[in-house]
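Report on the structure
Okay, here's what each chain looks like letter by letter:
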Amino acid sequence: MKEIINDIIKGISNFFSYPIFEGTKSTITAGTLLMIILCCIASFYVLKLIRRLMTSKLPLDDRLKFKGIFKFANYFIYLIIIIIVLSSSGVDLTVLLTASAALFVGLGFALQYLFQDIISGVLIIIDQSLHVGDIIEIEGKVGRVINIKLRTTRAITRDDKIIIIPNHKFLTDIIYNYTQNHRTTRETVTVGVAYGSDTRLVEKLLLDAVDVQKGILKNPKPTVNFKNFGDSALIFDVNFFINDSFSDPRIKSAVRFTIDDLFRKHKVSIPFPQRDVHIFNK
């Protein structure tokens, strides 16, 4: 019985040490190949579990976006596993690693922005800091988000033009999200009136102008601030709330038209800028 067990152990040992590939400096055995296969299978299931944990609370569309990322991660981890197993088995990989080092460095520089964008896209999707339909402002342009991908985000501007935004911008730049907390935003129209004008009348006219405008919310109530004593005018701000920041310019324009009509009707003048020029004769 003992001899049978020894023969089985010897046979298994011979199988694992059977050379599949023999080189001048190293040999790849059946045991090494089997270890590579087992490690790749284990990593596949571990990555699958990680993917499920990370995407369990995400919408279906966002979950589908992660498939490409995890496929790439699988291939990369498989490559690392193969290198580690071969190295631990005594296979000399010095020549291979030395030859590929320059290639990896070049690819790293060439693809650094691509990886930045993809990692940023993953973070955006995981922490849900940006959603389709959000109104954002980037580099002075206001747009409504229509698509969030792993590498880029697309938004449509008020001019019906598409902005393609690399996702790393959301991590490195200051970007305003008008609708992150809620859909309601406060907007302001500024106007100057001539010195000597009835300021209480101006306040009433400004409130009347926003009160009749469609799209302006009744609650929270609009307010008027006497902002400053300007060089040529008394400066007023009328603040109001809307629930569609994308229509902000159209609503503000309508408010300005109404203010101009009311000021003309009540003899409130909007002064021209004034400058005093003194001429000295020598």
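That block above? That's the structure.
What you see is a predicted model; the values in this text were computed from it and never measured. Sequence order sets the numbering: in each chain, residues are counted from 1 along the sequence as written. Two thresholds apply to this predicted model, a pLDDT of at least 70 for residue-level local features and 80 or more for giving and counting side-chain atom pairs, whereas whole-chain, interface and lining totals are computed over all residues. Side-chain measures here rest on the full set of heavy atoms in the structure, leaving out hydrogens and waters.

1. Focus on the overall build of the protein
Filter applied, for reference: By definition, any uninterrupted DSSP run of H or I lasting at least four residues is a helix, any uninterrupted run of E lasting at least two residues is a strand, and each is numbered from the N terminus. When a residue's accessible area, from a 1.4 Å probe over protein chains only, is under 20% of the maximum for its type it is buried; when over 50% it is exposed; and in between it is partly exposed. In this description, contact between two residues means that some pair of their heavy atoms is separated by no more than 4.5 Å. Note on areas: Shrake-Rupley, 1.4 Å probe, and residue coverage restricted to the protein chains presented here.
Broken down by element type, the protein carries seven helices and 10 strands. Residues classed as buried in the protein amount to 30% of the 282 residues present. In the protein, 62% of the contacts between residues at least 6 apart in sequence involve partners at least 24 apart. Split by element, the accessible area of the protein, about 19200 Å² in all, is 61% carbon and sulfur.

2. Side note on the nonpolar core
Put simply, the test is: What makes a nonpolar core is a set of buried Ala, Val, Leu, Ile, Met, Phe, Trp, Tyr and Cys residues whose side-chain atoms join them at distances within 4.5 Å.
L206, F236, F240, V255 and F263 are the most contacted members of the largest nonpolar core, which has 21 residues in total. Every element with two or more residues in this core is listed here: strand 8 (185-193), helix 6 (199-211), strand 10 (234-242) and helix 7 (248-265). In this structure, F263 is in contact with V191, V193, V202, L205, L206, V268 and I270, ignoring residues within four places of it in sequence.

3. Remarks on the pairing of strand 6 (residues 162-166)
We apply this condition: For two strands to count as paired, DSSP must find a minimum of two bridges between them.
Side chains of strand 6 alternate between two faces, with I163 and I165 buried and I162, I164 and P166 left unburied. Bridge analysis of strand 5 (residues 152-157) against strand 6 gives five bridges, and the strand direction is antiparallel. Opposite R154, over in strand 6, you have I164 as the bridge partner. Counting the residues that bridge the hairpin from strand 5 to strand 6 gives four residues, and of these D160 lies at a positive phi of roughly 60°.

4. Here's the deal with helix 7
Heads up, the rule is: To estimate the expected span of a helix, subtract one from its residue number and multiply by 1.5 Å. This arc is taken over the directions from the axis of the helix to the C-beta atoms.
In this model, helix 7 (18 residues) spans 26 Å end to end at C-alpha, consistent with the 26 Å of a helix rising 1.5 Å per residue. Taken together, the buried positions of helix 7 are occupied by D248, I251, K252, V255, T258, I259, L262 and F263. The buried residues of helix 7 occupy an angular sector of 135° when the element is viewed end-on, so they sit on one face. Within helix 7, the exposed residues directed more than 90 degrees away from the buried face are R250, F257, D261, R264 and K265. Each element contacted by the buried residues of helix 7 is listed here: strand 8, helix 6 and strand 10. Directly after helix 7, the chain includes K267, whose backbone phi takes a positive value near 60°.

5. Some thoughts on the sheet that holds strand 8
Strand pairing in a sheet is mediated by backbone hydrogen bonds. Such pairs are either parallel or antiparallel. Which entries qualify depends on this criterion: Only C-alpha atoms enter the line fits that serve as axes; for helices the fit covers just the stretch in contact. Angles between N-to-C directions range over 0 to 180 degrees.
Sheet architecture is open: three strands sit in the order 8-10-9, paired in antiparallel fashion. A single partner strand is all that each edge strand has here, and the edge strands are strand 8 and strand 9 (223-229). Geometrically, the sheet is characterised by an average inter-axis angle of 25° between neighbouring strands, direction not taken into account. The sheet contact formed by strand 8 and strand 10 spans nine bridges and is antiparallel. Paired with V193 across the bridge in strand 10 is L234. Its contacts with the sheet place helix 6 against strand 8, strand 9 and strand 10, and it is angled at close to 25° to strand 10. Along the sheet, helix 7 contacts strand 8 and strand 10; its crossing angle with strand 8, the most-contacted strand, is approximately 30°.

6. Comments concerning the packing of aromatic side chains
Counted only if it meets this: Between the rings of Phe, Tyr and Trp (Trp by its six-membered ring), a pair exists once the centres lie within 6.5 Å; its type follows the angle of the planes, with under 30 degrees stacked, over 60 edge-to-face, and the other angles tilted. We call a charge positioned above a ring when the Lys NZ or Arg CZ atom is no farther than 6 Å from the ring centre and deviates by at most 35 degrees from the ring normal.
Per the counting criterion, the structure on display carries three aromatic pairs. When the ring of F44 is compared with that of Y45, the centres are 5.2 Å apart and the planes differ by 80°; the resulting orientation is edge-to-face. Arranged with centres 4.6 Å apart and planes meeting at 20°, the rings of F226 and F236 form a pair that is stacked. Here F226, found in strand 9, pairs with F236, found in strand 10; they are 10 residues apart in sequence, far enough to count as distant. A relative accessible area of 38% means that F226 is categorised as partly exposed. With relative accessibility at 2%, the residue F236 sits in the buried group. Aromatic rings pair up to connect F226, F229 and F236 into one cluster. The aromatic ring of F246 is capped on one face by R144, whose charged end is 4.5 Å from the ring centroid.

7. Concerning the packing of helix 6 against helix 7
Let me state the cut-off plainly: The labels follow the angle: roughly parallel below 35 degrees, roughly antiparallel above 145, roughly perpendicular from 65 to 115, and oblique for the rest. Here is the rule for handedness: rotate from the far helix to the near one, and if that takes an anticlockwise turn smaller than a right angle the crossing is left-handed, while a clockwise turn gives right-handed. Note that Gly is not counted as nonpolar here; it falls among the polar residues with everything else outside the nonpolar set of Ala, Val, Leu, Ile, Met, Phe, Trp, Tyr, Cys and Pro and the charged set of Asp, Glu, Lys and Arg.
For the pair helix 6 and helix 7, the least separation of the axes is 9 Å and the interaxial angle reads 140°. Taken together, the axes of helix 6 and helix 7 lie oblique to each other. Once helix 6 is placed against helix 7, the crossing between them reads as right-handed. The residues of helix 7 that touch helix 6, namely those facing V202, L205, L206, D208, A209 and V210, are V255, T258, I259, L262 and F263. Grouping the constituent residues of the contact of helix 6 with helix 7 by class yields nine nonpolar, one polar and one charged.

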